[in-house]
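# Examining the three-dimensional arrangement
One-letter residues, chain by chain:
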Amino acid sequence: MSDHKPRFHEIWTSRWTFILAATGSAVGLGNIWKFPYIAGENGGGAFVLIYLVCIALVGIPVMIAEVLMGRWGRSSPIHTMYKLTDECGAPRAWHGIGWMGVIAGIIILSYYSVIAGWAIAYILKMASGAFVGISGEGSEAIFADLLSSPMTLVFWHSVFMLMTLMVVALGVTRGLGRLVQVLMPLLLVLLVIMMGFSIRYGDFGAAVDYLFSFHTDDLTVQGVMEAMGHAFFTLSLGMGAIMAYGAYMPERAPVGRTVLTIGILDTIVALLAGLAIFPIVFASSAIEASSGPGLLFVSLPIAIGNMPAGVLVGTLFFLLVTFAAWSSSISLVEPAIAWLTETGRGTRLQGAILFGLTCWILGLGTVFSFNYWESARLFGKFNFFEFADFLTASIMLPLGGLLMAIFVGRFMARKRIEDEVQISRGPVFSIWYWILRWISPLAIGIIFAIGIARVFGWY
Ligand code: TRP
């Protein structure tokens with residue numbers, strides 16, 4: 001079939017470009033904005049622990065599987081799945097992994113871009129000195145003010161979509177590889193600085209206690225589901241982004257070690273963000289740990305506004321958050337664009353315009369969730385943004401990951417996998433393979449079944 005022709009994609013210039021690009025994709029709003037607020041909504045410690053367990057037992061093993069599927073197929077997730085189902089004699093229904101991923105990516109990008117837009121807006125607010133000497137109440141008011149202006153939100157959402165599409169249109173090595181090499185190290189340094197200031201200004205002990213001691217009281221079934229979903233979200237897993245990047249990975253690079261590096265870096269950034277944000281939350285009476293999507297935007301500016309050189313640090317911080325989001329957002333459309341160019345039906349630029357417009361329009365739903373449609377509810381509990389987030393992060397990504405684990409674990413020949421992964425031979429490979437075949441699918445399956453039944457009130 002014409003779909004199975006060899007594809008001609010660029011290959012990353014080195015293993016490090018892959019690590020940086022995949023880390024660039026992994027480290028984003030998920031770590032800095034989302035992790036702290038969902039940890040806060042779910043009561044801290046127990047949630048964090050479940051999240052960490054999910055990263056280790058589900059995230060990293062599935063990520064190895066996803067990378068090796070991509071490198072094997074060497075094309076967009078959709079065509080990679082065509083090729084793999086053929087070669088492994090699997091039913092054609094497995095093509096669904098590719099298609100579902102493209103759709104999930106577009107939905108995620110639609111709201112991701114709106115939140116990234118908040119970060120861009122905050123660069124200017126910081127630079128203008130609006131937060132100098134600010135109180136908790138003052139910071140809340142500035143954020144509420146931003147949310148109540150749909151036009152402003154749409155404007156920054158549009159700016160971020162344009163930024164993303166520009167890089168995507170430029171292509172993988174020219175656009176992306178270069179960008180991340182500069183940005184990732186800078187982000188890490190700045191987060192450490194921020195944490196330093198939070199320790200000085202805030203209540204560090206309370207934050208550590210909150211994040212790392214195991215109080216189960218606030219944890220719900222939906223919380224467990226969110227923790228697992230977030231393990232997928234933060235590693236960019238389950239929708240083909242990592243498969244698409246894996247397709248550009250040099251042949252002989254060791255997958256296992258590479259993935260482990262990415263997983264560890266990603267987790268460090270999330271924990272650093274939590275340790276920068278929560279000390280301030282606990283030192284200020286105006287913010288609740290459970291205050292939701294605004295947590296980052298309300299809490300950190302208080303510390304920043306009250307530290308020496310706050311205007312500079314704050315401006316730089318939101319600039320870096322924007323960059324982190326930028327290097328992530330690109331991977332959300334890459335599968336769709338790669339697919340389109342392979343079919344010969346469009347160029348990267350045309351794909352960027354087509355998918356970009358779709359995301360932009362969908363994103364309006366998220367914009368209005370914070371003002372006009374604030375009280376509208378889907379399934380009696382979600383606003384539009386929450387629903388898009390739940391549908392993708394808690395359902396589509398874990399489902400994609402479950403299917404990948406089953407596909408690699410059950411349909412691909414063990415010998416071939418062994419050659420591909422190059423985790424050191426012997427026990428490490430066997431342990432990974434066993435986890436992938438048994439633990440990951442079972443864990444996802446159980447959490448999933450119970451979670452869905454509970455959320456929709458079936459039991
Ligand atoms: N991992 C990114 C973050 O934490 C978001 C992201 C980028 C993503 N690409 C993805 C999530 C693909 C799921 C799938 O911000």
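Data block above holds the structure.
Presented here is an overview of the structure given in this document. In this text the structure is predicted, and so the values were computed from the model without any measurement.

### Thoughts on the overall build of the protein
Helix and strand counts for the protein come out as 18 helices and zero strands. Taking 2.2 N^0.38 as the reference for a compact globule, 459 residues should give roughly 23 Å; the C-alpha atoms of the protein span a radius of gyration of 21 Å, in line with that estimate. Seen along its three principal axes, the alpha-carbon backbone of the protein occupies a region of about 65 × 45 × 40 Å. Sequence separation of 24 or more characterises 82% of the internal contacts of the protein that already satisfy a separation of 6 or more. Put simply, the protein shows about 16,800 Å² of open surface, and 68% of that area lies on carbon and sulfur atoms. Charge-centre separation for the protein: the mean point of 25 positive side chains lies 13 Å from the mean point of 25 negative side chains.

### A closer look at the nonpolar core
Ranked by size, the top nonpolar core spans 174 residues in total, and within it Trp118, Phe297, Phe317 and Trp432 carry the most contacts. For this core, the leading source of residues is helix α5 (residues 96-127), giving 20 residues. Ignoring anything within four residues of it in the chain, the contact list for Phe297 reads Trp33, Ile115, Trp118, Ala119, Tyr122, Ser139, Phe143 and Phe318.

### Topic: the site of the ligand
Residues in contact with the ligand amount to 17 residues; listed here are only the nearest, Ala26, Gly30, Tyr112, Phe233 and Ser331. In this structure, Tyr112 approaches the ligand through a side-chain N or O atom, which is 2.5 Å from an oxygen atom. Take Ser331: an N or O atom from its side chain is 2.8 Å from a nitrogen atom of the ligand. Here the ligand loses 100% of its free accessible area of 360 Å² to cover by the protein chains. Its atoms largely coinciding with the cavity grid, the ligand occupies the largest cavity.

### Quick word on the layout of surface pockets
When its volume is computed, the largest pocket comes out at roughly 700 Å³. Surrounding the largest pocket, 35 residues form its lining, Tyr37, Glu41, Pro293, Phe385 and Glu386 being those nearest its centre. Within the residue set of the lining of the largest pocket, elements represented by two or more residues are α2 (29-41), α6 (136-147), α10 (221-234), α13 (295-305) and α16 (384-411). For the lining of the largest pocket, the leading source of residues is α16, giving six residues.

### Considering unusual backbone geometry
Of note in this structure, Arg74 is not a glycine but carries a positive phi near 55 degrees. Secondary-structure assignment places Arg74 in the loop between α3 (45-73) and α4 (77-88). Since its relative accessible area comes to 19%, Arg74 is described here as buried. With phi around 60 degrees, Ser236 is a residue other than glycine that occupies positive phi space. Inspection of the secondary structure assignment puts Ser236 in the loop between α10 and α11 (241-246).

### Regarding empty space enclosed by the protein
The final tally for this structure, using the stated rule, is two cavities of 30 Å³ or more. The calculated volume of the largest cavity comes to roughly 140 Å³. Elements with a minimum of two residues in the lining of the largest cavity: α1 (15-26), α2, α5, α10 and α14 (310-343). Counted by class, the lining of the largest cavity contains 11 nonpolar, eight polar and no charged residues. Estimated volume of the second largest cavity: approximately 40 Å³. Leu183, Met184, Leu187, Leu320, Phe323, Ala324 and Ser327 are the residues that line the second largest cavity.

Calculation notes
Residues numbered from 1 in each chain as written. Predicted model: local features only at pLDDT ≥ 70, side-chain atom pairs only at ≥ 80, totals over all residues. Heavy atoms only, no water. Helix = DSSP H or I, 4+ residues; strand = E, 2+ residues; numbered from the N terminus. Rg over C-alpha atoms; globule rule 2.2 N^0.38 Å. Contact = heavy atoms within 4.5 Å. Areas by Shrake-Rupley, 256 points an atom, 1.4 Å probe, with all protein chains shown as cover. Lys, Arg positive; Asp, Glu negative; His and termini not counted. Charge placed at Lys NZ, Arg CZ, Asp CG, Glu CD. Core = buried A, V, L, I, M, F, W, Y, C linked by side-chain atoms within 4.5 Å. Buried < 20%, exposed > 50% of the residue type's maximum accessible area, 1.4 Å probe, protein only. Near = heavy atom within 4 Å. Polar contact = N/O pair within 3.5 Å; in protein donor to acceptor, adjacent residues only side chain to side chain. 1 Å grid on protein atoms, 1.4 Å probe; cavity = no way out; pocket = protein on both sides within 12 Å on 5 of 7 lines; lining within 4 Å. Sits in = over half its atoms within 2 Å of the grid points. Points joined across faces, edges and corners; volume = space filled by probe spheres on them. Nonpolar A, V, L, I, M, F, W, Y, C, P; charged D, E, K, R; others polar.

Functional significance is not addressed by these values, which are geometric in nature.
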